[in-house]
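Summary of the model geometry
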Amino acid sequence: MATSMLRIGNVELSSPALLAPMAGHTDLPFRLLCRALGGVGLASTDLLNVHSILRERPRAMRLAATAPGDEPLCMQLYGNEHDPLPEAAIWAVDHGAAIVDINMGCPVDKVAKKHGGSLLLCDIDSTVRLASGIVEAVTPKTGVPVTAKIRLGWDDERLVGPDLARALEQVGIAAISVHGRTTEQFFRGRVRLDGIRDVVDAVDAIPVIGNGDIEVAQDAAHMIEYTGCDAVMVARGALRRPWIFNQIRSLLIDGTALPEPSFVDKLEFLILHLNLILTHLDERAALHRMRSGIAKFARTMGHVKPLKESIRTAHSSSEIRQALELWLNRARDGWEPKTIQEGPEAEARAREVAHATASMAGVSL
Ligand SMILES: Cc1cc2nc3c(=O)[nH]c(=O)nc-3n(C[C@H](O)[C@H](O)[C@H](O)COP(=O)(O)O)c2cc1C
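Predicted model, so just to flag it, every value in this text is computed and none were measured.

About the cut-offs
- Residues numbered from 1 in each chain as written.
- Predicted model: local features only at pLDDT ≥ 70, side-chain atom pairs only at ≥ 80, totals over all residues.
- Heavy atoms only, no water.
- Near = heavy atom within 4 Å.
- Polar contact = N/O pair within 3.5 Å; in protein donor to acceptor, adjacent residues only side chain to side chain.
- Areas by Shrake-Rupley, 256 points an atom, 1.4 Å probe, with all protein chains shown as cover.
- Helix = DSSP H or I, 4+ residues; strand = E, 2+ residues; numbered from the N terminus.
- Pairing = 2+ DSSP bridges.
- Axes fitted to C-alpha atoms, helices over the stretch in contact; angles between N-to-C directions.
- Contact = heavy atoms within 4.5 Å.
- Domains from an automatic or database assignment.
- Buried area = accessible area lost by both parts, 1.4 Å probe.
- Salt bridge = Lys/Arg side-chain N within 4 Å of Asp/Glu carboxyl O.
- Patch = residues over 30% accessible without salt bridge, like charges linked within 9 Å, V, L, I, M, F, W, Y side chains within 5 Å.
- Buried < 20%, exposed > 50% of the residue type's maximum accessible area, 1.4 Å probe, protein only.
- Disulfide = S-S within 2.5 Å.
- Lys, Arg positive; Asp, Glu negative; His and termini not counted.
- Charge placed at Lys NZ, Arg CZ, Asp CG, Glu CD.
- Phe/Tyr/Trp six-rings, centres within 6.5 Å; stacked < 30°, edge-to-face > 60°.
- Lys NZ or Arg CZ within 6 Å of the ring centre and 35° of its normal.

The next point concerns the site of the ligand. Every one of the 17 residues lining the ligand counts as a neighbour, but P21, Q76, N211, D213 and R236 are closest to it. The separation between an oxygen atom of the ligand and a polar main-chain atom of P21 is 2.8 Å. A distance of 3.2 Å is found between an oxygen atom of the ligand and a side-chain nitrogen or oxygen belonging to N103. In the complex, the protein chains occlude 87% of the 610 Å² of accessible area that the ligand would expose alone.

In structure tokens:
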């Protein structure tokens, strides 16, 4: 399956697989890890509070930090019409954003109750005015496109996604990414591909990026085939498989299904992530990120409970490194853990096999 190169405003993306914003995860080291493993067309920061970045608060500066190799970068902002979003968007452009995205989908109370996020799905007119003000402040002067990340609507009674997307296109929003759930759904149920297709059908010319529940490359191919979206965005799946972008790119552009990385590869990716955190953040972040991230990442590694335990209980990054190197040496000698027979990982594998079988038989799942 070949898909044409994706362009968002003046930014040409080398791959239709995008890393979604994920608060607490998509910091510079994680973005660089995904990019190093290949196939990332665009990566986004966590959602950024506009007041905090304009005041250059240390935490916000860490979240907005970028470095060579972290291109093209999307910075995501959240706020509402009372916030200085246009000024913050200009700040983002001045600090390395190739694309500025407005969060219109965050369902978390802290954001959606007063500040923005999904709240913006509730009043289309005011959201479109807000978006128009940001586009006018940024795009004519700098050429940088402004995009919006939405959900299908607040709830099933208010599925505003298609109308909102159409109205945003008319004021110059350069692309829409859509998570195929309502705010009220939070993360429950399966992604609703019909809802994404309605958004695709509603816009005239701008790209629509589909998002939700992409766990393996075949899920991305299926989403594009079913909805007609131009690209996909992966969030949680990337915490388990940061190499998924390369697999998606390869499947969509070259028609090649790349194999799963080996056990040795995966241990090397963990060491690379550790090194990137130590280079760009610090010891504290290394301990926190590796300890909290290992459960998700290790889901694709078979039975590695002792490895997970040694990382979770480590007191320093050097203890983590020692544990990883020990396992790496064993793995290089040919040792491999037993594969997993049940749980989300096995379900994802089963879906992978089902998609492959269906596509060989010419059936669409
Ligand atoms: C821990 C976590 C943090 C998230 N943070 C953000 C965020 O900062 N901005 C945003 O637009 N979406 C955020 N999302 C939503 C994701 O970008 C994505 O839309 C959603 O997880 C569905 O995609 P997935 O099934 O690939 O995970 C977050 C999701 C998770 C799980």
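In this section: the environment of R166. Considering the arrangement of structural elements, one finds R166 in helix 7 (residues 161-170). C-alpha separation for the pair R166 and V203, spaced 37 residues apart in sequence, amounts to 4.9 Å.

Pairing within the closed barrel is parallel, and its 8 strands lie in the order 3-4-5-6-7-8-9-10. For this sheet, the mean inter-axis angle between neighbouring strands, taken without regard to orientation, is 30°. Looking at chain direction, strand 4 (residues 42-49) and strand 5 (residues 73-78) are connected through 5 bridges and run parallel. Within strand 5, the residue paired with A43 across the bridge is L73. Its contacts with the sheet place helix 7 against strand 6 (99-104), strand 7 (146-151) and strand 8 (176-179), and it is angled at close to 175° to strand 7.

So, about the domain arrangement of the chain. Here the chain is partitioned into domain 1 (6-254) and domain 2 (261-365). Relative to domain 2, the C-alpha centre of domain 1 lies at a distance of 26 Å. Approximately 2100 Å² of surface area, both sides summed, lies buried where domain 1 meets domain 2, with 65% of it carried by carbon and sulfur atoms. Ranking the residues of domain 1 by area buried against domain 2 places P29, R240 and W243 at the top, with a combined share of 27%. Joining domain 1 to domain 2, the criterion identifies 1 salt bridge. A salt bridge links R289 to D27; the shortest N-O distance between them is 2.5 Å.

Let us look at a nonpolar patch on the surface. Judged by side-chain polarity, V108, F186 and F187 come together as a nonpolar surface patch covering roughly 260 Å² of accessible area. With a relative accessible area of 36%, F186 lands in the partly exposed category.

When we look at burial in helix 11 (residues 244-254), the residues that qualify are I244, F245, Q247, I248, S250, L251 and L252. Contacts made by the buried residues of helix 11 are with strand 3 (17-19), helix 1 (28-37), helix 9 (217-227), strand 10 (231-234) and helix 10 (236-240). Remark: G255 follows helix 11 within two positions and exhibits a positive phi of approximately 75°.

Another point: the state of the cysteines. One pass over the structure, following the stated rule, counts 0 disulfides. In this structure C34 is a free cysteine whose sulfur lies 15 Å from that of C74, the closest cysteine sulfur available. Classification of C74 by relative accessible area gives buried; the value is 5%.

In this section: a positive patch on the surface. Together, R59, R62, K110 and R284 give the surface a local cluster of positive charge. By the element assignment, R62 lies in helix 3 (residues 58-64). The class for R62 is partly exposed, based on a relative accessible area of 48%.

On to the packing of aromatic side chains. Aromatic rings in a pair are described by how distant their centres are and how their planes are angled relative to each other. Inspection of every chain in the model, using the stated rule, returns 5 aromatic pairs. Residues F263 and W335 carry aromatic rings whose centres are separated by 6.1 Å and whose planes lie at 65° to one another, so their mutual orientation is edge-to-face. With a gap of 72 residues between them, F263 in helix 12 (residues 263-280) and W335 in the loop between helix 15 (317-332) and helix 16 (344-360) connect regions that are remote in the sequence. Both rings, one in W327 and one in W335, keep their centres 5.4 Å apart while their planes meet at 80°; by these two values the pair is edge-to-face. One aromatic cluster is present, formed by W243, F269 and F297 through successive ring pairs. The positively charged end of R151 is found above the aromatic ring belonging to F187, 5.4 Å away from the centroid. The ring of W335 carries R330 above its face, with NZ or CZ at 4.2 Å from the centroid.

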